[in-house]
Amino acid sequence: MQANNLMDWRRLYSPARTGDTVKREANEDRSRNSYMRDYDRIIFSSAFRRLQNKTQVFPLPGPVFVHNRLTHSLEVASVGRSLGKLAGEKIAARYRDAGESFQEFYRHELAYVISAACLAHDIGNPPFGHSGEDAIREYFRNLPEPVKSRFEQELSPDQLADFQQFEGNSNALRVLTHHFSEMEKGGYRLTYTTLASIVKYPCSSAQGFKKFPGIAGKKSGFFDSERGTYHAIAEELGITRLQEDVYARHPFVYLVEAADDICYRVIDLEDAHRLGIVSLDTFKELLLPFFRDTEDYHARTRVEETLAKILDPNQQAQYIRATWIGMMVNRLVNIFMDKEPELLAGALDKDLLSCLPADEAALIKRINDYSYKNIYNHRSVVEIELSGFNIIGYLLHAFVRAALNPKDSRSEKLLLLIPKQFPVDDSGGDLYQNVQSVVDFISGMTDLFATDLYQKMQGIRIAPFG
């Protein structure tokens, strides 16, 4: 299972949790394993509930129900559970003599790890979809003088990069592990195993994930404030360190990423079909070519025969979506196992979907190209993205200025609007921590809350008392 500097399946899981003061040997609660508890802690959290009013792709709310971040995350968790179950069974079968605890984890517990990680994979994303991340980055990259000089003088390169290259994946680790203003450390106190499975880009903001530019470009997995947390996770699980503040991906990350990749490609198309943006014929043209002329459950002839019996167009799209997801789960698990040497060496430089055979990879590219042109650049999507830029930019300008000048009359009022869980030192204090508190506050907002606060601060709408 391990040779030279490879990661080891036996070390890649642990019941250790953030905030532990003594080494944890096993789960104390026999009614739920450690990773079921992770799932429960995430799903009952306020940060997860807020995802119900965060944009996935299309504006919320609307006359036709489309996915938001919460429904997307629930569906990704369902697909992730299947991926984890199948992959775990194959790993356990490949290493039958690895011991009882090994067999127990991979046969019965890995599915919960992947499902919990999938549930939390978007928990650090700001409002208004990916444009929210872009708005935060753009604001900090274009600071006016003398604010820009102050940031450059008082922040380290890593700290400055945390803002200028703000990444929802890094913010997820912060949301899940930081104790904010609470006394008990460890945040949600999740297992290291679940947390490692979320971190798609295991490096600092200043480094960017340079190891695999084809995957990530300049994305990151932990802020300067959570550097020590990720180092502890990597040490406990034996994750390979590639260079200073750059690690190999934990192998479980590929399963979480695969669940997300499977879902958003087909679900965004299905939402667009419901909204009348994509025709049923186009939906079929993009997805049916994946089904081959075989004799199994996913045979092209069987799928087409079933479709011919379904009258409602939406039901036809749902059937294709469900069958396509099941097929892709099986194919990507097989690829995961085929890539075991590269996974354990920290050398797989692309996601599992990109490892499909050339003909199927071309079909995925066809979906990507079509979606980019016709869905992600659709007028309604562009409008919500532009709104997000304006709203988040305005809120950042107002609250960052207040944190930098806390004694101004207007600043004093603005700082009263920031919840106490995001402390801003009104004596000036540490610039990095104060600005992080502002970003924590704004990135945690829902679309509706951010819009409402923006309108009130601009005087566009004044709420009645009471």
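Structure: see above.
Being a predicted model, the structure only gives us computed values, none of them experimental. (Residues numbered from 1 in each chain as written. Predicted model: local features only at pLDDT ≥ 70, side-chain atom pairs only at ≥ 80, totals over all residues. Heavy atoms only, no water.)

**Topic: helix H21 (residues 447–458)**
Every α-helix winds through 3.6 residues per turn, so residues three or four apart in the chain are directed the same way.
Alright, step 1. With 12 residues, H21 should cover 16 Å at 1.5 Å per step; its first-to-last C-alpha distance of 16 Å lies within 8% of that length.
Alright, step 2. Along H21, the positions that sit buried rather than exposed are Asp 447, Ala 450, Leu 453, Tyr 454 and Met 457. The buried residues of H21 all sit within an arc of 140° when viewed along its axis, so they share a single face.
Alright, step 3. Packing partners of the buried residues in H21 comprise helix H18 (379–404), helix H19 (409–416) and helix H20 (431–443).
Alright, step 4. Phi for Gly 459, located one or two positions after H21, is positive at around 80°. (Helix = DSSP H or I, 4+ residues; strand = E, 2+ residues; numbered from the N terminus. Expected span 1.5 Å × (residues − 1). Buried < 20%, exposed > 50% of the residue type's maximum accessible area, 1.4 Å probe, protein only. Arc of directions from axis to C-beta. Contact = heavy atoms within 4.5 Å.)

**Structural notes on a negative patch on the surface**
Alright, step 1. A grouping of Glu 412, Asp 425, Asp 426 and Asp 430 is seen on the molecular surface, where their side chains present a negatively charged patch.
Alright, step 2. With respect to the helices, strands and loops of the structure, Glu 412 is situated in helix H19.
Alright, step 3. Of the residues examined, Glu 412 reaches a relative accessible area of 42% and is grouped as partly exposed. (Patch = residues over 30% accessible without salt bridge, like charges linked within 9 Å, V, L, I, M, F, W, Y side chains within 5 Å. Areas by Shrake-Rupley, 256 points an atom, 1.4 Å probe, with all protein chains shown as cover. Salt bridge = Lys/Arg side-chain N within 4 Å of Asp/Glu carboxyl O. Lys, Arg positive; Asp, Glu negative; His and termini not counted. Charge placed at Lys NZ, Arg CZ, Asp CG, Glu CD.)

**Comments concerning the packing of helix H12 (residues 251–274) against helix H13 (residues 280–287)**
Alright, step 1. One way to put it is that H12 packs onto H13 with a least axis distance of 10 Å and a crossing angle of 165°. Here H13 runs roughly antiparallel to H12, going by the angle between their axes. The element H12 and its partner H13 pack so that their crossing is left-handed. Contacts between H12 and H13 involve Val 266, Leu 269, Glu 270 and His 273 from the former and Leu 280, Phe 283, Leu 286 and Leu 287 from the latter.
Alright, step 2. Residues that form the contact of H12 with H13 fall into these classes: 6 nonpolar, 1 polar and 1 charged. (Axes fitted to C-alpha atoms, helices over the stretch in contact; angles between N-to-C directions. Parallel < 35°, antiparallel > 145°, perpendicular 65-115°, else oblique. Left-handed = near helix turned anticlockwise from the far one by under 90°. Nonpolar A, V, L, I, M, F, W, Y, C, P; charged D, E, K, R; others polar.)

**Notes on the pattern of salt bridges**
Alright, step 1. Tallying each qualifying case throughout the model produces 29 salt bridges.
Alright, step 2. A salt bridge links Asp 38 to Arg 17; the nearest nitrogen and oxygen atoms lie 2.7 Å apart. In this pair, Asp 38 is assigned in helix H1 (residues 34–43) and Arg 17 in the segment before H1, connecting sequence segments 21 residues apart.
Alright, step 3. By relative accessible area, Asp 38 is classed as buried at 0%.
Alright, step 4. For Arg 17, a relative accessible area of 1% puts it in the buried group.
Alright, step 5. Across the pair Asp 245 and Arg 227 runs a salt bridge, and its minimum N-O distance is 2.1 Å. One end of the pair, Asp 245, is in the loop between strand E1 (241–243) and strand E2 (246–247); the other, Arg 227, is in helix H11 (residues 227–237), and 18 residues separate them in sequence. Taken individually, Asp 245 and Arg 227 each receive the classification buried, so the pair is uniform in this respect.
Alright, step 6. Counted as one network, the salt bridges with shared partners bring together Glu 133, Asp 134, Arg 137, Glu 167 and Lys 219.

**Quick word on the side chain of Ser 14**
Alright, step 1. Looking at the secondary structure, you find Ser 14 in the segment before H1.
Alright, step 2. Here Glu 236 takes part through its side chain, which lies 2.8 Å from a polar atom of the side chain of Ser 14.
Alright, step 3. Those residues in contact with Ser 14 that sit more than four places away from it in its chain are Tyr 35, Thr 191, Thr 193, Glu 236 and Leu 237. (Polar contact = N/O pair within 3.5 Å; in protein donor to acceptor, adjacent residues only side chain to side chain.)

**Structural notes on the environment of Ala 398**
Alright, step 1. By secondary structure assignment, the location of Ala 398 is in helix H18.
Alright, step 2. Residue Ala 398 is classed as buried on the basis of its relative accessible area of 4%.
Alright, step 3. When the C-alpha atoms of Ala 398 and Ser 411 are compared, they prove to be 8.3 Å apart, with 13 residues separating the residues in sequence.
Alright, step 4. Other than its neighbours up to four places away in sequence, Ala 398 contacts Arg 410, Leu 414 and Met 457.

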